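Structure at a glance
Letter by letter, the chains look like this.
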Amino acid sequence: AELHFAATHDPLTRLRNRRALLDDLGQLLQERRPATFALLDVHGMRRFNDAHGHLAGDALLVDLAARLEAAILGHGHVYRLAGVQLCGLILSDPEAVVAAACKALSTADRAVGCRAVTVEIPREATTVAAVLRLADERLAGYGNVATAGA
């Protein structure tokens, strides 16, 4: 059980990791179950790390991950892809959940915010690669927008 957890969870945030996302996303697509993939990009972390140090940045990321997990609880699962890029597989009420997720990842006192894009599965993409590619394209298209959804 410990080895499985270590293989499927991020050691810092304790969120599910990229491996778990790929497995879960593949399963959803195989079953053709409707869901929403939300790619959530936390911005402002570089400035925070520069001002407060990387240990403080790690602590902030752990706090944001816990807040994000609470926002999505009961509606899907949360993952840490890499760095400050988080995502969720949302199984119900996607618009409200994405809004709550961005709110959870935005802190005025620490000057951190969230950019979010979504992909409807399987309507907009039917393979894992297509889901991730479309989300990346949408995120790149938003540039410096503070909070956005597609």
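So, here is what we can say about the structure in this document.

Criteria and thresholds
Residues numbered from 1 in each chain as written. Predicted model: local features only at pLDDT ≥ 70, side-chain atom pairs only at ≥ 80, totals over all residues. Heavy atoms only, no water. Helix = DSSP H or I, 4+ residues; strand = E, 2+ residues; numbered from the N terminus. Buried < 20%, exposed > 50% of the residue type's maximum accessible area, 1.4 Å probe, protein only. Contact = heavy atoms within 4.5 Å. Core = buried A, V, L, I, M, F, W, Y, C linked by side-chain atoms within 4.5 Å. Expected span 1.5 Å × (residues − 1). Axes fitted to C-alpha atoms, helices over the stretch in contact; angles between N-to-C directions. Parallel < 35°, antiparallel > 145°, perpendicular 65-115°, else oblique. Left-handed = near helix turned anticlockwise from the far one by under 90°. Nonpolar A, V, L, I, M, F, W, Y, C, P; charged D, E, K, R; others polar.

1. Some thoughts on the environment of Arg 32
- With respect to the secondary-structure elements, Arg 32 resides in the loop between helix H2 (18-31) and strand S1 (35-43).
- With a relative accessible area of 53%, Arg 32 lands in the exposed category.
- Once the C-alpha coordinates of Arg 32 and Arg 47 are considered, the two residues, 15 residues apart in sequence, prove to be 41 Å apart.
- Contact partners of Arg 32, with chain neighbours within four places excluded, come to Pro 122 and Thr 126.

2. Brief notes about the nonpolar core
- Residues Leu 40, Val 42, Met 45, Leu 64, Leu 68, Leu 86 and Leu 105 are the most contacted members of the largest nonpolar core, which totals 23 residues.
- When contributions to this core are tallied by element, the ones reaching two or more residues are S1, helix H3 (45-52), helix H4 (54-72), strand S3 (85-90), helix H5 (94-104) and strand S4 (113-121).
- With 6 residues, H4 is the largest single contributor of residues to this core.
- Within the second largest apolar cluster, 22 residues are counted, among which are Leu 21, Leu 28, Leu 29 and Val 117.

3. Let's talk about helix H6 (residues 128-141)
- Here H6 spans 20 Å end to end across 14 residues, near enough to the 20 Å set by a 1.5 Å rise per residue.
- By the burial criterion, the buried members of H6 are Ala 130, Val 131, Leu 132, Leu 134, Ala 135 and Leu 139.
- Against H2, S1, S3 and S4 lie the buried residues of H6.

4. Focus on the packing of H4 against H5
- Their axes nearest at 8 Å, the elements H4 and H5 cross at an angle of 160 degrees. When the interaxial angle is binned, H4 and H5 end up roughly antiparallel. Pair H4 / H5 crosses with right-handed handedness. Along the contact surface, H4 presents Leu 64, Arg 67, Leu 68, Ala 71 and Ile 72, while H5 presents Val 97, Ala 100, Ala 101, Lys 103 and Ala 104.
- Of the residues assigned to the contact of H4 with H5, the class counts are 8 nonpolar, no polar and 2 charged.

5. A closer look at unusual backbone geometry
- Of the consecutive residues Ile 121 and Pro 122, the connecting peptide bond is found in the cis state with omega at -5 degrees.
- Position of Pro 122 relative to the elements: it lies in the loop between S4 and H6.
- We note that Arg 14 has phi near 70 degrees; this positive angle belongs to a residue other than glycine.
- A relative accessible area of 51% places Arg 14 in the exposed class.

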